[in-house]
Amino acid sequence: MRDDDDQPWRPAAPARASAVWEGAPARSDGGPRTEDVDDAGDPAPAAPDPALSTAGPLRPPGRASSALTGVVRAAAARWRRLTPTRRVAGLLGATALVAVLVAVGGVAAGPEYAPVARASFEVDDLRTAPTTTAWSTDLRSALAPGAEADCVGFDGSTRLGDDDVLVTTSAQGYVPDSGCEDAPGRLARLDARTGEVLWVADVAEAVGVDAIGLQASVDPATGDALVAVQSIVGSGLARIDTETGEVQEVLRGPPDDGATGQVDEADGSDGTDRTDEADGSDGSATGGAADGSDPGYDPEGSDPTTGSSTGSSTGTVLQVEGLSTTAVVVSEQSVDRFSDEGAVVAQGGRSLYRLYRADDLSAPTWTGNAGAGLSVRLVGDLLVIDVGDEPLVVDARDGAVEPLPGGLRNVESWAASLDGVVLSGRAGGEPTMVSLDSDGALRWSARLPSTSYPSVTDSCISVTVPGGEVTCLDPRTGDELWSRTLQAPGGGDRDGGSGSGEAEQVQAYFGTATDDVLAAVVDADEQGDPSGLDRGKEVHALAAPSGDERWVTALPVASYVIATSRTTGYAATFFPSGRDTPTLIAFDLSDGRTLWTIELSTGSFTSAFWGPTLVRVDPDGVVHGLTTGVELVG
């Protein structure tokens, strides 16, 4: 730019080409076009087409070509006669039409995925094998400082909100003189998106037992965590504020030994024993329930004050028998029943059972004296106990006790359903399922084709029969919605012989986001495979409303579907012997095809997904959050 020129420098425009391609309108009289005449007005000879110069003489176009050319020319002529305004309107209309055709064609031709039914179980959608480490956190340093790497394991399967998890420690190889006797019993809150440890609580120290493992549940009403601390013999319980990690209450022994009470925030020790003040009992192990019901409720009719060592504060241990998000049931048993390694060495005797609400461990809502080792099932606020031939159902909210409705004489399986519970067992010698509402009242009772462990969602209660039959019951009425028989792997018949299969219900290990019925058929020839790696299992996804098959995928026999995202499902192989490395298999939820396979972990068992995040836990206690680095849109 020149100094005396105030205008910015602009390069000179390039010269216009002497000739450019442009379409010339055809003459209405059919005469030659302007560019096809020479200076004298005579038709100019056509330039040879290099692409056709060796192809021999040109042939006249066929009738179809001529007709198409005529249509195109007529349309072009009509287009040129339109006003500019009408041309713009025509372009906009054509663009909209093309967009609609593309959208409709894309949906029709694209993969179809079931809607996410339970967002709280949804995990990351990893369409390709994760190759990126989003974060790494040294949990051994944070939760188990000083512990040997082989002595402690970590698990983050308890989800807390959208992204956080509660991480528990567990003792590995915990036997006398193993060097792992001092493994910690700690709980931490971890942000599974960033790997940040938000707080750590020493639950074992607060409860006062040597922990070999922790079990946690979260009360949806208060947000507090109820944490059971299991020792070799006996266990304890703590209620923890998940926002701060502070221990709110503990329960670590018979109520008459002062072990139940409010925690002193200053030093974490127990305050005064408030049991007597709360329920008006005399503090003995057979004291009355909080609702004033029969003290020391005795379902078998024996004297609750005799035949049991639970009446004193010595020689007894507390066992957590059942833990739900809203309640906990514990038993008090004689320590003489157990060996030093925790094995039951003495049968018989009696135990005192106590039922507590999750938000108040200071006083039980129900107590009952019954045989040691009684089978109890706790789902939500409902406790079902097997006593003789008449199971009972107890409401944890008020301690009310009623006979189990529906005629069941034993309980073989149970699961939460529609804010209540479904239980299966036998009634009148026949396989039967009953559904109870949140108050323990009978919704419905239905005969089953055979004894089965159901898979339960809000859309379908699915039961399976050996031989490949899958039946879906309406969770609200118990009516059969549909039934279908799955083909055995390899197409063999199911009456025996090569290729026969047996149906089994595949239940997600930590819950899935899909409402589909996930059922598997295992090739009978592969059921005895010692490694479980042969793909002798086929998992079928059946739409809950209709039973229509969405997809089928082949998996190893020793594998289970553990999680689903919006478009991807995940199955894991587990080998309790530790002989083989667990693997994770990802498959497409539209057609079942395998997308990728990776090794899960080289350390002790842990859940594959912590919240939404896929993790790998190294043997040294460092956990890594894995991702593909690609985020799906929409």
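Just above sits the structure.
Within any chain, residue numbers begin from 1 and follow the written order of that chain's sequence. Residues qualify for local features only when their pLDDT is at least 70, as the model is predicted, and side-chain atom pairs are given and counted only at 80 or more; totals for whole chains, interfaces and linings, by contrast, use all residues. The side-chain numbers reported here are obtained from all heavy atoms of the structure, hydrogens and water having been left aside.

Draft legend 1. Fine view of the nonpolar core. Remark: nonpolar core denotes a set of buried residues (Ala, Val, Leu, Ile, Met, Phe, Trp, Tyr, Cys) joined through side-chain atoms within 4.5 Å. In this scheme, a residue with accessible area under 20% of its type's maximum is buried, one over 50% is exposed, and one in between is partly exposed, where area comes from a 1.4 Å probe on protein chains only. If you look at the biggest cluster of nonpolar residues, it comprises 21 residues, and the most contacted ones within it are Leu166, Leu187, Val203, Val227, Val229 and Ile240. Elements with a minimum of two residues in this core: β5 (197-202), α4 (203-207), β6 (213-218), β7 (225-230), β8 (235-240) and β9 (247-251). Runs of E in the DSSP output that reach at least two residues are strands. Runs of H or I that reach at least four are helices, and both are numbered from the N terminus. Of the residues forming this core, the biggest block, 4 residues, is contributed by α4. Whether two residues touch is decided by their heavy atoms; if any such pair falls within 4.5 Å, the residues are in contact. With near-sequence residues (within four places) excluded, Leu187 lies in contact with Leu166, Val167, Thr168, Trp199, Val200, Ala201, Val203, Leu214, Val227 and Ile240.

Draft legend 2. Spatial organisation of the sheet that holds strand β21 (residues 420-427). Two strands are said to pair when DSSP picks up at least two bridges between them. In spatial order, the strands read β20-β21-β22-β23; together these 4 strands make up an open sheet with antiparallel pairing. Looking at which strands have only one partner, the edges of the open sheet turn out to be β20 (410-417) and β23 (442-447). Going from strand to strand, the sheet's axes swing by 20° on average, the running direction of each strand aside. Of the pairings in the sheet, the one linking β21 to strand β22 (residues 430-436) comprises 7 bridges and is antiparallel in character. Directly across from Arg426, in β22, lies its bridge partner Pro431. Structural elements are reduced to axes, namely lines fitted to C-alpha atoms, with helices fitted over the stretch in contact, and the angle between N-to-C directions of any two is expressed from 0 to 180 degrees.

Draft legend 3. Representation of the state of the cysteines. Cysteine sulfur atoms are paired as a disulfide whenever they come within 2.5 Å of each other. Considering all chains together, one arrives at 1 disulfide under this definition. Bridging Cys460 to Cys472, the disulfide has an S-S length of 2.2 Å. Placement of Cys460 in the loop between β24 (455-456) and β25 (461-465) and of Cys472 in strand β26 (residues 469-473) is noted, with a sequence separation of 12 residues between them. You can call Cys460 buried: its relative accessible area is 2%. The exposure class of Cys472 is buried, given its relative accessible area of 0%.

Draft legend 4. Local environment of the environment of Gly407. In this structure, Gly407 sits in the loop between β19 (401-403) and β20. Take Gly407: its relative accessible area is 29%, and that puts it in the partly exposed class. Sequence-distant contacts of Gly407, that is, excluding residues within four places in its chain, are made with Arg426 and Ala427.

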